[in-house]
Amino acid sequence: MKRIKTWLLFSPLLVAGIMVIGNPGSGTEPPHKTAELTTPDEAFDVMMQVLTHKRCVNCHPADNYPRQGEDSHKHLFGVERGVANAGMAATNCNTCHQDENNNYSGVPGAPEWSLAPLSMAWQGLTKYEIARSMLDRNKNGNRSLEELEHHLTEHALVLWAFEPGVNAEGIPREKPPVSKEDYITAVKEWIEHGAVVPDETTN
Amino acid sequence: MAQLFQMKPPTKMNISFKINGKAHSVDTDGDAPLLWVIRDVLDLKGTKFGCGKAACGACTIHVDGEAVRSCSFAAKFAEGKEITTIEGLGNAENPHPVQQAWIEEIVPQCGYCQPGFMMATAALIDKNPSPTDEDIDDNIINICRCGTYYRMRKAIHRAAELKNSTTSNS
Amino acid sequence: MTTTKKKISRRKFIVRTLLGGTGVILGTAYLARNPLRRELNKSLNAAEPPFMGNTDTPLVWFEITSDNKVRLHSPKVEMGQGTFTGLAQLAADELEVDVTQIEMVHAETITGNVDGMSTGGSTSIASLWQPLRELAATMREMLKLQAAKQMGLEVQALEVSNGVIASGSNSMTYGQVVDGVTEWEIPEIPALKDANDFKFIGKPVPRLDLTDKVVGTPMFGIDASMPDMLFGAVVRPSQIGAKFISADATEAHNMPGVVRVVEEEDFIGVVAHTMIEAENAKKVIKVEWQTERNWSTQDIEDLIKVGNGDPMVIQKTGNAKKILEDQESNDNGDIITAEFKSPIGAHAQLEPNGAVAFVESDKATIMISTQVVSFTRKEVAERLGFDEEQVNVIPTYLGGGFGRRLHTPNAVQAALMSKAVGKPVKCFFDRKEEFQNDTFRPPTHHLLKAKLDSNGMIEAFEHNVSSGDVMYGSPLVPGFVEPILGSDIGAWRGGMIQYGAIPNFRAVSWRVKLPFATSWWRSLGLLANTFAIESFLDELALKNGKNPVEFRLQQIQNDKAGDRLRKVIEAAADKANYTDEVVNGIAMGFAASTDAGTPCAHVAEVSIENKQIKVHKVTCSIDPGIAVNPDQVKAQCEGSIIMGISASMFERMYVEEGQLRPIIYGPYQMALMRHAPKDIDVIILENNDKPGAVGEPPLGPIGAAIANAVFRLTSQRLREMPLQLA
């Protein structure tokens, strides 16, 4: 596969093109470019294209309602966060969501299916705000940078975003516009370079 | 036109679990919904199919004491688990407090969704012995088309009462 | 007592053991009525639903078993409405058995006890009120005559209770009496019990199916099975108007578990060893459908407009048309007009449609949830080229009916698949197919006009309703009826004006043909028509600051129907302490309707919470005439109110890219536990000498009652279902 500089790959025009390809129903894989990430800021951008994607943000709401679907509507049936981020006492996340996607029902699943705690609310934040929140040990579940990298690159629930399965109609869910490999590479590179959140005024 | 996902070929596997206290071992497609193993292999028909999308709750069972919608639960995940269906909750001679309450309040109409509601309710009062109206609203989110919710709410409160009285007596 | 000694003839009375017990087959002279001779509008819309039983074959009604139980073969199916319990109560009182001695079973068509029409229209109890009690009473007297003979006593000396015939210490159970008897003496129809002597009728007997339904044992259609049964799946279209052209099933043949691909002129299906295998194989069948256009919601709304389609005046008193067309009044703004709309509604019953069928060389057996047992049999027989007698339809419990099971083409599909593989086949819809291939409640558009007199009372009133069809296209309505009647009775059910003291009124039905199937949905047009009329009445009352309850009462005519309606309205308003004031953020909304002869009124207590309409309490009063089972009358009212809340506040199908959507619960929003009122107070009045409709009438007023309350709270007049705040 042809190598392309990431700045080119993620220019707004191309991103728009990729979004179209990634629309629900197309079933097309996001392009996997074994990216050659030239700067940490570019790595940051690649990472954030995933973390700001609905597959991630739907479970990082700023209120007590999980979101679902390509339009990020409130979870149907009035499903709520509950005390432990895993739903209500009797009807909890695992009443419907199991350790893997269910292709018969179209119910998504992964181990530890749950909402991110309210301290990790991303809904409505800019990518810079999300990144700063992610680095804040008061908010990120007291994770060190190393633990954060592990969480972002190895945690099954996080990586579910790249294998989101099909919806109730059997139509594949939209995936983030970056391949899993590129995302992982980007996260590692960004953290390796000190996990610096770029200055949003110059970006 | 949207492209539909195609199922991968079934992988037959042997799955062992306990259902209503009895050990079973079945050879089945591990990805097939447990609902159909319960209904068509084990011939326990009290657990109902409503939507197959974990939306209506008619197929609710207990897996290790937790309420689970069995249409969305792959059979392979049942391995080694204790499963309870409406048939194992209680019977006519010895009804579970939830069933007793359902009888006292004369809840069912067509009756089709009722096993799912009773299983969800049994899980609720296990976790929350005295649910408030709000707890009921938040936890019991199955669908009943006949509109028996009004009697169900009364029956859920009554079931909690009955369960608490048997617990305190024992 | 006069008795007629009759030699048993096969056509009249037979004792047989075919059914496992001792059966008494009653001749059908009692039921020999030809309902089609009745004025059709009347019989379908009004208070006297006939029992459209089979009139020329022997019927098995009762079997008496050796353990002294009575098995009643019901021609009406149990879909939650409690008809089994009500019919058992009717029979028990005349048979002199305890109601729990009666075991209700669905009559298979092979027993002959087939309802020629349907279970629907809230007519089951009403239509069998007289015939079933007469049958039971006759049977009791037959048993007494026989016992007298066996005991060597005069029949007058015998007392009966709980199925035991006794004279002093001498006694026989019914089970003992029938044992071995081949010749019966048949009395004239005995006088029926006086209402004061009822032991079960009028009592809140717990549902007979209660315990079974609570422990999970009743058999619904989807639970039926036969030995060696296979599973079928039929490919069904998503597009409106799609016609099956051809299919490529090459891949499906090779899918695991597949036994056979079945291709017929109008569908393609696959039979496999398990349901999942059949469903998986179905997914790889490529079907070519032909569709003529890609319909949208807007297209449908453009069709459903008063002024489109065929109009028919369905009700006319005085000269409303002329008064309301008066140009000067129009110019002066004296004529008040309003429009209302209702959406496409889905049945959404929890048990999907389907059937288990086994077709053998000379007979077919169908197990199915159906509301039209005889039509299911007819359709299967016709398609297989069998006589109807060769097809035995075994009805099961219905996982909800609501009118959805008045069409059962699924029985034919299962039968053809069974015929192809030579084994029993079970075949069911999936949920998406249910939502896209439903026989929907048609959308409606209403245009109302009125002119008030100088006292603020209604001088002239007109209701125009445009709707898709309800009864046409149904197997229940023969084709010849359409040109005779013109309008669609189902569509305008509830569309007539029930306030007969209004001097000038008329109702006009505009019939529109839609490109998808619309049909019977619990209460038919009643919910939408009452929403429009009763919302408008509130507007008219408030125009001159009148109390909406008083306003209605003053325009009720003085006749029996009017008296019953008046009492129902007064009862609901009194019990709820109806007020126009908003108290603690809660407002009351009032509405009333008369459906199938049963008047009903609701007071809804409503608030706005988080910008959502919340219904806290509904006070409902209903006059079904005689309430055979007050508990089940209440249950039907509660259920109708909650289903009505669901339909009027949440439910809506839309049309996008030629498809009816949504395809799943959730996106198809319905009332959940949290939306049901925490209090429903039902008042039963009994101002008639026979039982009437119960299962549908209480759906009528709920939408308007809520909307009228919302107006008090917000000054927003909601003109469209589902009711949503601006």
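Preceding this paragraph is the structure being described.
Note that the coordinates shown come from a computational prediction; the quantities given were computed from them, not determined experimentally.

Asks: What should I look at first to understand the overall build of chain A in this one?
Replies: In terms of regular secondary structure, chain A is built from nine helices and two strands. Along chain A, helices (α) and strands (β) appear in the sequence α-α-α-α-β-β-α-α-α-α-α when read from the amino end. In chain A, which comprises 203 residues, the proportion classed as buried is 49%. Surface exposure of chain A reaches about 9,500 Å², of which carbon and sulfur atoms provide 56%.

Asks: Mind showing me how you'd approach the sheet that holds strand E2 (residues 22-29) of chain B here?
Replies: Whenever strands of a sheet pair, they do so through backbone hydrogen bonds, lying parallel or antiparallel. Residues and elements named next belong to chain B. Pairing is mixed in the open sheet, where five strands are placed in the order E2-E1-E5-E3-E4. This sheet does not close on itself; its edge strands, each paired only once, are E2 and strand E4 (66-69). The mean angle between the axes of side-by-side strands here comes to 40 degrees, regardless of whether they run parallel or antiparallel. Here eight bridges tie strand E1 (residues 12-19) to E2, and the two strands are oriented antiparallel to one another. Bridging across to E2, Lys18 finds its partner in Ala23. Each of E1, E2, strand E3 (60-63) and strand E5 (82-84) touches helix H1 (residues 34-41); the most contacted strand, E2, lies at about 110 degrees to it.

Asks: Got a minute to help me understand the interface of chain C and chain B in this structure?
Replies: Interfaces are often sized by the amount of accessible area the parts lose when they come together. Contact residues are listed per partner, giving 62 residues for chain C and 54 residues for chain B. Buried area between chain C and chain B, both sides added, is near 4,800 Å², and the carbon and sulfur share of it is 64%. The largest contributions to the chain C side of the interface with chain B come from Val214, Leu350 and Met673 of chain C, which together make up 17% of the buried area. Counting every contact that joins chain C to chain B gives seven salt bridges. Ionic pairing is found between Asp137 of chain B and Lys678 of chain C, a salt bridge with its closest N-O pair at 4.0 Å. Linking chain C with chain B are 20 residue pairs in polar contact (both at pLDDT 80 or more). Those elements giving two or more residues to the side of chain C that touches chain B turn out to be helix H5 (210-215), helix H7 (275-283), helix H18 (630-649) and strand E30 (679-684) of chain C. Looking at the side of chain C that touches chain B residue by residue, the class counts come to 33 nonpolar, 13 polar and 16 charged.

Asks: Just checking my understanding: could you explain the side chain of Asp469 of chain C for this structure?
Replies: Residue and element names in this part refer to chain C. Note that Asp469 resides in the loop between strand E23 (458-467) and helix H14 (481-485). Given the relative accessible area of 10%, Asp469 is considered buried. Side-chain polar atoms of Asp469 contact the side chain of Arg511, separated by 2.7 Å. If near-sequence neighbours (up to four positions away) are discounted, Asp469 is found in contact with Pro442, Asp488, Arg511, Val512, Lys513, Thr518 and Ser519.

Asks: Hey, could you run me through the nonpolar core in this one?
Replies: Buried together is how nonpolar side chains tend to be arranged in soluble globular proteins. Core analysis: the largest hydrophobic core is formed by 229 residues, its most contacted members being Trp102 of chain B together with Phe62, Phe461, Ile569, Phe590, Tyr665 and Ile706 of chain C. Per-element accounting of this core gives the leading share, 13 residues, to helix H3 (residues 124-151) of chain C. Beyond its immediate stretch of four places on either side in the chain, Ile706 of chain C contacts Ala604, Val606, Ile613, Val615, Ile645, Ser648, Met649 and Leu723 of chain C. In terms of nonpolar packing, the next biggest core, distinct from the first, is built from 31 residues, Val77, Val391, Leu416 and Cys427 of chain C among them.

Asks: Whenever I open this one, the sheet that holds strand E20 (residues 391-395) of chain C confuses me. Can you help?
Replies: Residues and elements named next belong to chain C. The mixed open sheet is built from seven strands, whose spatial order is E13-E14-E11-E21-E18-E19-E20. Looking at strand neighbours, the two that pair on one side only are strand E13 (258-263) and E20, the edges of this open sheet. Taking the axes of each pair of neighbouring strands and ignoring which way they run, one obtains an average angle of 20 degrees across the sheet. Along the sheet, H7 makes contact with strand E11 (230-234), E13, strand E14 (268-272) and strand E21 (425-428), crossing E11 at roughly 30 degrees. Here helix H11 (residues 373-384) sits on the sheet and contacts strand E18 (354-359), strand E19 (364-368) and E20; the angle it forms with E20, its principal contact strand, is near 145 degrees.

Asks: Looking at this structure, how should I read the packing of helix H15 (residues 526-543) of chain C against helix H19 (residues 702-714) of chain C?
Replies: When two helices pack together, their arrangement is captured by the angle between the axes and the distance separating the axes. All names here are of chain C. At a minimum axis distance of 7 Å, the contact between H15 and H19 shows a crossing angle of 35 degrees. H19 is crossed by H15, and the crossing has right-handed handedness. Counting all contacts with H15, which are made through Leu527, Thr530, Phe531, Glu534, Ser535, Asp538 and Leu542, the residues of H19 involved are Ile702, Gly703, Ala704, Ala707, Asn708, Phe711 and Arg712. Within the contact of H15 with H19, the residues separate by chemical class into seven nonpolar, four polar and three charged.

Asks: It is not clear to me how the interface of chain C and chain A should be interpreted in this structure. Could you clarify?
Replies: Contacts between the two partners involve 10 residues from chain C, matched on the other side by five residues from chain A. Summed over both partners, the interface of chain C with chain A buries about 690 Å², with 60% contributed by carbon and sulfur atoms. Counting the surface chain C buries against chain A, the share from its top three residues, Gly666, Leu672 and Arg674 of chain C, is 39%. Our count for the chain C to chain A interface comes out at two salt bridges. A salt bridge links Arg661 of chain C to Glu169 of chain A; the nearest nitrogen and oxygen atoms lie 2.2 Å apart. Joining chain C to chain A, the criterion identifies four residue pairs in polar contact (both at pLDDT 80 or more).

Asks: Would you take a moment to explain unusual backbone geometry for this structure?
Replies: With omega at 0 degrees, the peptide bond leading from Arg661 of chain C into Pro662 of chain C counts as cis. A cis amide bond, omega -5 degrees, links Met721 of chain C with the succeeding residue Pro722 of chain C. Its location among the elements puts Pro722 of chain C in the segment after H19. Within the chain, Asp43 of chain B stands out as a residue other than glycine whose phi angle is a positive 60 degrees. Turning to its location among the elements, Asp43 of chain B is positioned in the loop between H1 and E3. If you check the backbone angles, Leu524 of chain C has positive phi at about 55 degrees while not being a glycine. Here Leu524 of chain C is to be found in the loop between strand E24 (504-511) and H15. Judged by relative accessible area, Leu524 of chain C falls into the buried class, the value being 7%.

Rules and cut-offs
- Residues numbered from 1 in each chain as written.
- Chains lettered and ligands numbered in written order.
- Predicted model: local features only at pLDDT ≥ 70, side-chain atom pairs only at ≥ 80, totals over all residues.
- Heavy atoms only, no water.
- Helix = DSSP H or I, 4+ residues; strand = E, 2+ residues; numbered from the N terminus.
- Buried < 20%, exposed > 50% of the residue type's maximum accessible area, 1.4 Å probe, protein only.
- Areas by Shrake-Rupley, 256 points an atom, 1.4 Å probe, with all protein chains shown as cover.
- Pairing = 2+ DSSP bridges.
- Axes fitted to C-alpha atoms, helices over the stretch in contact; angles between N-to-C directions.
- Contact = heavy atoms within 4.5 Å.
- Buried area = accessible area lost by both parts, 1.4 Å probe.
- Salt bridge = Lys/Arg side-chain N within 4 Å of Asp/Glu carboxyl O.
- Polar contact = N/O pair within 3.5 Å; in protein donor to acceptor, adjacent residues only side chain to side chain.
- Nonpolar A, V, L, I, M, F, W, Y, C, P; charged D, E, K, R; others polar.
- Core = buried A, V, L, I, M, F, W, Y, C linked by side-chain atoms within 4.5 Å.
- Left-handed = near helix turned anticlockwise from the far one by under 90°.

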